[in-house]
Amino acid sequence: MNVNKKMLALLIVLSLLVGAGGMYGSMALFGNDSKYVQNGEVNDLPKAKTKLNSDEEFAKLQKTYEIISSRYVEDVDRDKLLEGAIQGMVKTLKDPYSVYMDEETASQFSQSLDSSFEGIGAEVSMVDGKVTIVAPFKDSPAEKAGLKPNDQIITIDGKSVEGLDLYKAVLKIRGEKGSIVTLGVKRSGVNDVMPIKVTRDEIPIETVYSDIEEVKGKKIGVLEITSFSEKTGSDFKKQLTELEKQKIDGLVIDVRGNPGGYLEAVDSILRQIIPENKPFVQIEDRKGNKERYVSTLKEKKDYPIVGLIDKGSASASEILAAALQEAGSYDLVGEKSFGKGTVQQSIDLGDGSNIKLTLFKWLTPDGNWIHKKGVKPTYEVKQPEYFYTNPIAIEKKSLEFDMNNEQVKNAQIMLNGLGFQTGREDGYFDEKTQSAVTAFQRANNLPATGKVDAKTAGKMESKVIDSIRDDKNDVQRKTAIELLVK
């Protein structure tokens, strides 16, 4: 059985549309030398030993199908009945990364390959039965709107997503550039569902960004990888070569907020930086057989490397991080990663429908399975508190003196982070908080009311995002660079 190439490509790059498990539900296996995958196609998948025609279990299934089709009190659509049986089998796996798409859903995803990628720019997956943000992409509408890793999407444009599978939910989130989708979001530590409006846009496919920072007379190269797409490996090589021409003294590889993608891309990158003395990843099948992937690089680079990770680093990002740590003996800085240690393959069922099925585990160089555990950094470093604040939802009533709630607490954390001191962060709107709001409003040419209305809240959030994007406030990046210039 061969993979429908167009569908396979689509599912891997879903992260560029909205996400849908493409990042840590990556569909392709490593390299073209895999015994199961060559040139993007599944070859020689293990044959089922069961004789399907004579199995009592399948006779039971067929009998049930015939009884319902012929005797149920109302007419039944036989195709839908069959679709339901398939969906039921997949759901029985209780695996959020194994998904069935009927012909209509698969077709809608396939069509989007023929146009530009438009959406909110966030990777989503199904976690504990909830549609969940894994990570928003850099400079994406999702990031600008304030979506964060582990946000649960409860409603889309006011309608509950309960009962929708992941792909149906994604289709509702996606839409034309310039249109607005309102997501009802549940966030850890926040009691109420927050309405977050996101203006859809075209999502660029550039995935590698390079920079050089001079510290204490040393040149430190920084390579940021935002996702792993088809060209990420070659772009990484090109930009690393340019950095090396400038004689860097150290390298930071930043995969924070990177939800993954093509495993071939991380394979290509690791072959450029991890020496041959140890496998950089292991792929394990259901019987426990392991296939080890080893670089041909003879020696380590002549400069030190540090990796940057956070809880939005998933799948392929975790493969890279674990390889740096265990096979390269390099340090990792940041926060524990997401924890996705399985590999999926997308398989065409022959009629336009599609099943994405978990076929393998991936293991770290030392044989560890990080699924639901994540990769732990060598140096755990958190960003300033205002990096983790929640959007302020102002609907009818502004935040004002003598209020006491979570929204006020968020505003206080933001104001303190921006240099407007409130003296407290407990959610009580006192006189000093009022003074800080007034000072912020004056500094930003807003009416100095001392109340946090929608315009003030929007400006505060905008300023926080600008501050987060400013490298001088990035404590994790600073720590990584300091390690390299010691």
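See the structure printed just above.
Residues numbered from 1 in each chain as written. Predicted model: local features only at pLDDT ≥ 70, side-chain atom pairs only at ≥ 80, totals over all residues. Heavy atoms only, no water.

## So, the packing of helix α10 (residues 406-417) against helix α12 (residues 454-469)
Alright, step 1. The interhelical angle for the contact between α10 and α12, taken along N-to-C directions, is 50°, at an axis separation of 10 Å. Between α10 and α12, the angle is such that the two are oblique. Both α10 and α12 take part in a crossing whose hand is left-handed. Of α12, the residues touching α10 (which contributes A411, M414 and L415) are M460, E461 and V464.
Alright, step 2. Taken together, the residues that form the contact of α10 with α12 break down as five nonpolar, no polar and one charged. (Axes fitted to C-alpha atoms, helices over the stretch in contact; angles between N-to-C directions. Helix = DSSP H or I, 4+ residues; strand = E, 2+ residues; numbered from the N terminus. Parallel < 35°, antiparallel > 145°, perpendicular 65-115°, else oblique. Left-handed = near helix turned anticlockwise from the far one by under 90°. Contact = heavy atoms within 4.5 Å. Nonpolar A, V, L, I, M, F, W, Y, C, P; charged D, E, K, R; others polar.)

## Here's the deal with the sheet that holds strand β18 (residues 331-334)
Strand pairing within a sheet occurs via backbone hydrogen bonds; the two strands may be parallel or antiparallel.
Alright, step 1. As summarised here, the arrangement of the six strands in space is β12-β13-β14-β17-β18-β21, forming an open sheet in which the pairing is mixed. Of all the strands in the sheet, just β12 (208-215) and β21 (379-380) have a single pairing partner and so form its edges.
Alright, step 2. When strand β17 (residues 305-309) meets β18, the two strands line up parallel, connected through four bridges. Across the sheet, residue L308 finds its bridge partner in β18, namely V333. (Pairing = 2+ DSSP bridges.)

## Some thoughts on the pattern of salt bridges
Oppositely charged side chains can pair when the atoms bearing their charge come close.
Alright, step 1. For the structure shown, the criterion picks out 19 salt bridges.
Alright, step 2. Here K177 and D201 are joined by a salt bridge, their closest N and O atoms 4.0 Å apart. With K177 in the loop between α6 (166-173) and β9 (180-186) and D201 in strand β11 (residues 201-202), this residue pair connects regions lying 24 residues apart in the sequence.
Alright, step 3. Where E213 meets R477, a salt bridge forms, and the shortest distance between an N and an O atom there is 2.9 Å. Of this pair, E213 sits in strand β12 while R477 sits in helix α13 (residues 475-484), and the two are 264 residues apart along the sequence.
Alright, step 4. Looking at E213, the relative accessible area reads 27%, which means it is partly exposed.
Alright, step 5. On the basis of relative accessibility, which here comes to 8%, the residue R477 falls in the buried class.
Alright, step 6. Each member of the salt-bridge network shares a partner with another, and the members are D211, E213, D471 and R477. (Salt bridge = Lys/Arg side-chain N within 4 Å of Asp/Glu carboxyl O. Buried < 20%, exposed > 50% of the residue type's maximum accessible area, 1.4 Å probe, protein only.)

## Some words on the packing of aromatic side chains
Alright, step 1. Tallied over the full model, the rule gives two aromatic pairs.
Alright, step 2. On the basis of an interplanar angle of 85° and a centroid distance of 5.5 Å, the ring pair of F420 and F440 is categorised as edge-to-face. With F420 in the loop between α10 and α11 (431-443) and F440 in helix α11, this residue pair connects regions lying 20 residues apart in the sequence. Take F420 and F440: they sit in the same class, and that class is buried.
Alright, step 3. Above the plane of the ring of Y97 lies K340, whose end atom (NZ or CZ) is 5.1 Å from the centre. (Phe/Tyr/Trp six-rings, centres within 6.5 Å; stacked < 30°, edge-to-face > 60°. Lys NZ or Arg CZ within 6 Å of the ring centre and 35° of its normal.)

## Considerations on the packing of helix α2 (residues 56-71) against helix α3 (residues 78-92)
The description of two packed helices rests on the angle between their axes and on the distance between the axes.
Alright, step 1. Interhelical geometry of α2 versus α3 gives an angle of 145° and a closest axis separation of 11 Å. When you trace α2 past α3, the crossing you get is right-handed. Across from Y65, E66, I68 and S69 in α2, the residues of α3 making contact are R78, L81 and L82.
Alright, step 2. Its residues assigned to classes, the contact of α2 with α3 shows four nonpolar, one polar and two charged.

## Brief notes about α11
Alright, step 1. Counted at 1.5 Å a residue, the expected span for α11 with its 13 residues is 18 Å, and the 18 Å between its end C-alpha atoms agrees.
Alright, step 2. Packing partners of the buried residues in α11 comprise α10 and α12.
Alright, step 3. Backbone geometry just after α11 places N445 at a positive phi near 60°. (Expected span 1.5 Å × (residues − 1).)

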